[in-house]
Amino acid sequence: MVEKTVTLTDKSTGKSVELPVKDGVLGPSAVDITTLYAQTGMFTFDPGFVSTASCNSAITFIDGDEGILLYRGYPIEQLAEKASFLEVAYLLLYGDLPDQAQLDNFKGLISRHTMINETLKTFFDGFRYDAHPMAIMVGVVGSLSAFYHDSLDIHNPRHREISAHRLIAKMPTIAAACFKHNVGEPFMYPRNDLGYCGNFLHMLFATPCEDYEPDPLAEKALNLLFILHADHEQNASTSTVRLAGSSGANPFACVASGIASLWGPAHGGANEAVLAMLEEIGDVSNIDKYIAKAKDKDDAFRLMGFGHRVYKNYDPRAKIIRQVCHQVLDHLRSTSRHPMFELALRLEEIALQDEYFVERKLYPNVDFYSGIIYRALGIPTNMFTVMFAIARTAGWVSHWMEMIADPQHRISRPRQLYIGEKRRDFVPLNER
Ligand code: CMC
């Protein structure tokens, strides 16, 4: 087979370099520029990594133009309809769907790690009663590395696996504890007789005073949302986890850094921002005003839940959530019309006909409708990004494991185009 290459010519010197082209299984090929600096003394410049593949990965594939999302080759639509979140977490971690025995074993392993150390509970007392749960998450998840010295050797595959299981298992427990801290209720211990989502609902909404059984439809809705958020290839938080992990940092520290990155409103924080935006818009009659604000370059306002770096088509996850929104709202609110959902639908309709959004291929993303379901489930707005973090932990640990197991992985160390002062001499204080 002829090796594909591209030739780069510096017109000022006439010198050329030939660079190999790598083909993926799906998606665009990539020019391998690893020898470019050695050959030419030049870097490439790509702020925001718009054209840069930072690693090989076999976990998730996205075709942003066609609106396709595959986890380990399986279309997101099929997984959303047929799988459980733990099946999907297994798939992301190990590469294949589990058979019944493997799934039972995995569920057992995860449920064995759902409790948190009793002393970890005291960490929450250090936070103000109204601390944002994402702020608590960053601190408490990072602190897990102080508890598990027995499994922190990242060069030991078994240790890596145990850490991955611990993170997937403990995230709902820590998340629910954040909520309980905010509302001043006692923490609820996990119930391992319930499924992953049912147990999380129990830890959120049960109290020691009375029996609680999770609503099966709420459990189903949560399962769906967790599957849709489980992974999304090299997004900002996953790249953060990989970058932190590339130095050999432990997985709890890496995932804490991923949580911090996810919190931003351009990323996972958008689900919280969408609800705030819908509340601010308030009524269908105000939509035009807000569309105009979103288009105004002098106004910082953006239509939250709209647009995506990769999707230049309808986000397939948003399409699925939009479909189930009706069903969930009808069941949970016993009403076929829900003002927030109606407002979102109308906003979408108007934006999708507007030339500004059409030209820039700005479509609703996963965060546009997810908050409406979370709200209907009784989950407060400041917990929305935490929900995203629970689900994305499956993706974060899968990418971290993939990276550490890759014999070619090196510390990530981007270069820069320096635009500061040239060399200059120190000026004594009294002469400045
Ligand atoms: N409202 C108004 N204009 C927008 C929006 C928006 N939501 N998104 C992009 N644009 C415009 C942007 O101003 C730019 O216009 P121009 O070409 O005239 O300068 C053009 O569209 C391209 O946008 P960009 O900012 O260059 O695109 P990006 O790939 O750097 O940013 C994004 C992607 C998701 C950060 C951005 O679309 C955005 O801020 N969206 C709102 C926040 C949001 O919903 N984030 C959740 C993303 S999906 C879940 C996740 O990843 O966590």
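A brief structural summary. (Residues numbered from 1 in each chain as written. Predicted model: local features only at pLDDT ≥ 70, side-chain atom pairs only at ≥ 80, totals over all residues. Heavy atoms only, no water.)

**What about the nonpolar core?**
Turning to step 1, where the next piece is worked out: Among the nonpolar cores identified, the biggest contains 122 residues, and Tyr 71, Leu 222, Phe 226, Leu 303, Tyr 369 and Ile 372 are the most heavily contacted of them.
Turning to step 2, where the next piece is worked out: The greatest single-element share of this core, amounting to 14 residues, is contributed by helix α17 (residues 384-405). (Core = buried A, V, L, I, M, F, W, Y, C linked by side-chain atoms within 4.5 Å. Buried < 20%, exposed > 50% of the residue type's maximum accessible area, 1.4 Å probe, protein only. Helix = DSSP H or I, 4+ residues; strand = E, 2+ residues; numbered from the N terminus.)

**Some details on helix α14 (residues 339-353)**
Turning to step 1, where the next piece is worked out: Taking 1.5 Å of rise per residue, the 15 residues of α14 would be expected to cover 21 Å, and the 21 Å separating its terminal C-alpha atoms lies within 8% of that figure.
Turning to step 2, where the next piece is worked out: For α14, the complete set of buried residues consists of Met 340, Phe 341, Leu 343, Ala 344, Leu 345, Leu 347, Glu 348, Ile 350 and Ala 351. (Expected span 1.5 Å × (residues − 1).)

**Here's the deal with the packing of helix α5 (residues 133-143) against helix α10 (residues 251-262)**
Turning to step 1, where the next piece is worked out: The interhelical angle for the contact between α5 and α10, taken along N-to-C directions, is 170 degrees, at an axis separation of 8 Å. With respect to α10, the axis of α5 lies roughly antiparallel. Counted together, Met 134, Met 137, Val 138, Val 141 and Gly 142 of α5 and Phe 252, Val 255, Ala 256, Ile 259, Ala 260 and Leu 262 of α10 form the full contact between these two elements. (Axes fitted to C-alpha atoms, helices over the stretch in contact; angles between N-to-C directions. Parallel < 35°, antiparallel > 145°, perpendicular 65-115°, else oblique. Contact = heavy atoms within 4.5 Å.)

**Thoughts on the pattern of salt bridges**
Turning to step 1, where the next piece is worked out: Applying the stated criterion to the full structure yields 19 salt bridges.
Turning to step 2, where the next piece is worked out: The salt bridge involving Arg 191 is made with Asp 193; its shortest N-O contact spans 2.8 Å.
Turning to step 3, where the next piece is worked out: Given the relative accessible area of 23%, Arg 191 is considered partly exposed.
Turning to step 4, where the next piece is worked out: On the accessibility criterion, Asp 193 (57% relative accessible area) is exposed.
Turning to step 5, where the next piece is worked out: Of the charged contacts in the structure, one is a salt bridge between Glu 359 and Arg 360, with a shortest N-O distance of 3.7 Å. (Salt bridge = Lys/Arg side-chain N within 4 Å of Asp/Glu carboxyl O.)

**Focus on the environment of Arg 72**
Turning to step 1, where the next piece is worked out: Along the polypeptide, Arg 72 turns up in the loop between β5 (68-71) and β6 (74-75).
Turning to step 2, where the next piece is worked out: Overall, Arg 72 belongs to the partly exposed group, its relative accessible area being 21%.
Turning to step 3, where the next piece is worked out: Along the backbone, Arg 72 and Leu 92 are 20 residues apart, and their C-alpha atoms lie at a distance of 6.7 Å.
Turning to step 4, where the next piece is worked out: If we ignore the near neighbours within four places in the chain, the residues touching Arg 72 are Ala 58, Ile 59, Leu 91, Leu 92, Leu 93 and Gly 95.
Turning to step 5, where the next piece is worked out: At a separation of 2.6 Å, a polar atom in the side chain of Arg 72 contacts the main-chain carbonyl oxygen of Leu 92. (Polar contact = N/O pair within 3.5 Å; in protein donor to acceptor, adjacent residues only side chain to side chain.)

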